[in-house]
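These are the residues of each chain, in order.
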Amino acid sequence: MASGLVTWSPSVTLVPTHGCFNACGYCSFRVPLEQAVPLSLRAATEQLRARPAAAEVLLLSGEVAPNAPARKEWFARLLQSSALALAKGRLPHTNAGPLSLREMAALGRLNPSMGLMLEGVGPAYDALHRHAPSKTLAIRLAQLEQAGRLGIPFTTGLLLGVGETMAERLQALELLAQLQRRWGHLQEVILQPWRPDGEAARPLTPAEQADLLELIATARQLLPPEVHLQTPPNLWPLEQLPAALEAGINDLGGIDTVDVINPAYPQPAPEALRQLLASRGWRLVPRTCVHRHWWSWLPADLRRRVEQRARLLASEPAPANAPHL
Ligand code: SF4
């Protein structure tokens, strides 16, 4: 029987806006900018109040083009939402696309960690992103580099199963490994199976699972050991999740009651997860949005808040949010 620790982050997702100037080929999250209704701070406060146990506030936003007149207001909303999360004793983690140096630095003072998916390398991604100007490989890599230079603990990841080759996957992992060796800021790499849009969930087939397990094992070999490997548990058939852990996954990411990117895939209840994993020798433990290894990187005020929330998590009856199952 396997044994080990696997972490998760009790999380609530706020979407400052679904409006996005990109149009990625797989996206069911975005609405055109002119139709977007931004999330008011009052509505955000309500959502936080409804989820008192969610230590992490994932700010997941559509994007406004860098030089567009609406950019200033959009960015101000990200700052306000981050400040609101902190004021309510939570820890914001913003993932809002590429940011200028000044923007990223300003958010970094309020966010203990931030994120941006690399997604992948090669023509399959180029085709999906041909109407998504902020998704070029060069821009994404520059963002990861910028976060490293700023010393911001960072989450990135790959979107898998869009038609990429094994060689392209290896190339993407090698790029991440190089970034980590240079800056040391990559706290997590998400290995996210792409699921087709649609009303009904399409669970991973046995062949898709085998393919992902091989990739997880390869990623574990290529990436430095401090980088956590993460997969979203709702995208795996629950019974098969232990196989992903045995292959190298050691983190299940932020778990909210709903996955706003893949709403057709219900989140497992943390208690059900805990029991399943315990029966296979794994201990599921809650964590904050920033892994302990990177706490010493944080400005003093953020570090104090992280330590405070971590103490609360450790004292709460596990696991605290109880959505489905
Ligand atoms: S950048 Fe994100 S929100 Fe915008 S279209 Fe692409 S996947 Fe959707």
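Coordinates for the structure precede this section.
Residues numbered from 1 in each chain as written. Predicted model: local features only at pLDDT ≥ 70, side-chain atom pairs only at ≥ 80, totals over all residues. Heavy atoms only, no water.

1. Side note on the overall build of the protein
- What the protein contains, in helices and strands, is 10 helices and nine strands.
- In terms of overall dimensions, the protein is globule-like: its C-alpha atoms have a radius of gyration of 18 Å, near the 20 Å expected for 325 residues.
- Classification of the 325 residues of the protein by burial places 54% in the buried group.
- Once local pairs closer than 6 in sequence are excluded, the contacts in the protein between residues at least 24 apart make up 77%.
- As displayed, the protein has an accessible area near 14000 Å², and 57% of this comes from carbon and sulfur atoms.
- Of the side-chain charges in the protein, 31 are positive and 28 negative, and the distance between the mean point of each set is 8 Å. (Helix = DSSP H or I, 4+ residues; strand = E, 2+ residues; numbered from the N terminus. Rg over C-alpha atoms; globule rule 2.2 N^0.38 Å. Buried < 20%, exposed > 50% of the residue type's maximum accessible area, 1.4 Å probe, protein only. Contact = heavy atoms within 4.5 Å. Areas by Shrake-Rupley, 256 points an atom, 1.4 Å probe, with all protein chains shown as cover. Lys, Arg positive; Asp, Glu negative; His and termini not counted. Charge placed at Lys NZ, Arg CZ, Asp CG, Glu CD.)

2. Notes on the site of the ligand
- Around the ligand sit C20, N22, A23, C24, Y26, C27, F29, R30, E63 and K135, and those are all the residues in its vicinity.
- Here the residues of the shell around the ligand sort into six nonpolar, one polar and three charged. (Near = heavy atom within 4 Å. Nonpolar A, V, L, I, M, F, W, Y, C, P; charged D, E, K, R; others polar.)

3. Describing the nonpolar core
- Within the largest apolar cluster, 51 residues are counted, with the highest numbers of intra-cluster contacts made by F154, L176, L191, L223, L252 and L277.
- A total of five residues in this core trace back to one element, the largest contributor, which is helix α6 (residues 166–183).
- Setting aside its immediate chain neighbours within four residues, F154 contacts M104, M114, G115, L116, L144, A147, H185, L186, Q187 and E188. (Core = buried A, V, L, I, M, F, W, Y, C linked by side-chain atoms within 4.5 Å.)

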